[in-house]
Amino acid sequence: MIASGRLRAHRVGGRWMVGKSDLNAVGHRKPGRPSGAGKPKQSYHRRQDWRTPRHLFEQLHREFRFTLDAAASEENALLPVYFTEQRDGLSQSWAGHVAFCNPPFQHTSRWVRKAHLEAQNGVTTVMVLPARPGNKIWQQIILPFYEVRYLPGRLHFDGAEYPAPFDTAVVVFRQRTDDDPPPAAPK
Ligand SMILES: C[S@@+](CC[C@H](N)C(=O)[O-])C[C@H]1O[C@@H](n2cnc3c(N)ncnc32)[C@H](O)[C@@H]1O
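Owing to the predicted nature of the structure, the values given are computational and were not obtained by experimental measurement.

Draft legend 1. Molecular detail of the site of the ligand. Around the ligand there are 21 residues in total, and Arg 51, Thr 52, Ala 71, Gly 89 and Asn 102 lie nearest to it. Elements with a contribution of two residues or more to the shell around the ligand: strand E3 (68–72) and strand E4 (82–84). Among the elements that take part in the shell around the ligand, E3 stands out by supplying three residues, more than any other. Tallied by class, the residues present in the shell around the ligand amount to nine nonpolar, seven polar and five charged.

Draft legend 2. Just helix H4 (residues 108–120), in detail. Compared with the 18 Å implied by 1.5 Å per residue over 13 residues, the 19 Å span of H4 between its first and last C-alpha is a close match. Of the surrounding elements, those touching the buried residues of H4 are E3, strand E5 (98–101), strand E6 (124–130), helix H5 (136–145) and strand E8 (168–173). In the stretch just after H4, Gly 122 is the one whose phi turns positive, near 95 degrees.

Draft legend 3. Geometry of unusual backbone geometry. The phi dihedral of Asp 88 falls on the positive side, at around 60 degrees, and the residue is not glycine. Mapped onto the elements, Asp 88 comes out in the loop between E4 and E5. A positive phi angle, close to 65 degrees, is found at His 107, a residue other than glycine. Inspection of the secondary structure assignment puts His 107 in the loop between E5 and H4. The exposed category is assigned to His 107, around which 11 C-beta atoms lie within 10 Å.

Each value, and the rule that gives it
- Residues numbered from 1 in each chain as written.
- Predicted model: local features only at pLDDT ≥ 70, side-chain atom pairs only at ≥ 80, totals over all residues.
- Near = placed C-beta within 6 Å.
- Helix = DSSP H or I, 4+ residues; strand = E, 2+ residues; numbered from the N terminus.
- Nonpolar A, V, L, I, M, F, W, Y, C, P; charged D, E, K, R; others polar.
- Expected span 1.5 Å × (residues − 1).
- Contact = placed C-beta atoms within 7 Å.
- Buried ≥ 20, exposed ≤ 12 C-beta atoms within 10 Å, placed from the backbone.

Here you go:
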């Protein structure tokens, strides 16, 4: 709140000092807690278009050299080539691309199945997902066959007021070699 300018404060030595009236003005919240505990979860699940933090995308883009943003809108596409809800990235071929995908949080399993299918056709997809290793799709597709990079802390998606109320992972779907056990058929 201090950083965003919503709470007035000044520095004394190594500490931030906040006046009582300034604190009252923002509603008696406990220091260090985001306002309206409980809200972040609701808003994160209501909206489907949180943007990937720029630093995370840039870091992955340097490594993978993406050519397709598979889940985007005209406003938030991260690459010149992208699919939108209207064109439906799930029903398009991703062949010939290195895909980046931060899917809408609803129906993430559809996107996992799609990336799994595309991997069998040689497409590498890097996907940002809520980390839910206990879920069926993680147990059946992600964990047995693909690289998972759990991200430290809670990711603060661009455009969101708060960090996500869930852990996040980057999953790398790549074509498998003959030495790998065969991937399970998506259900
Ligand atoms: C979580 S946002 C990702 C935005 C941005 N590409 C990024 O990574 O920062 C997911 C985006 O996918 C779009 N979307 C929803 N359904 C889609 C579909 N079937 N095909 C392609 N994009 C879709 C949403 O409109 C939303 O803009």
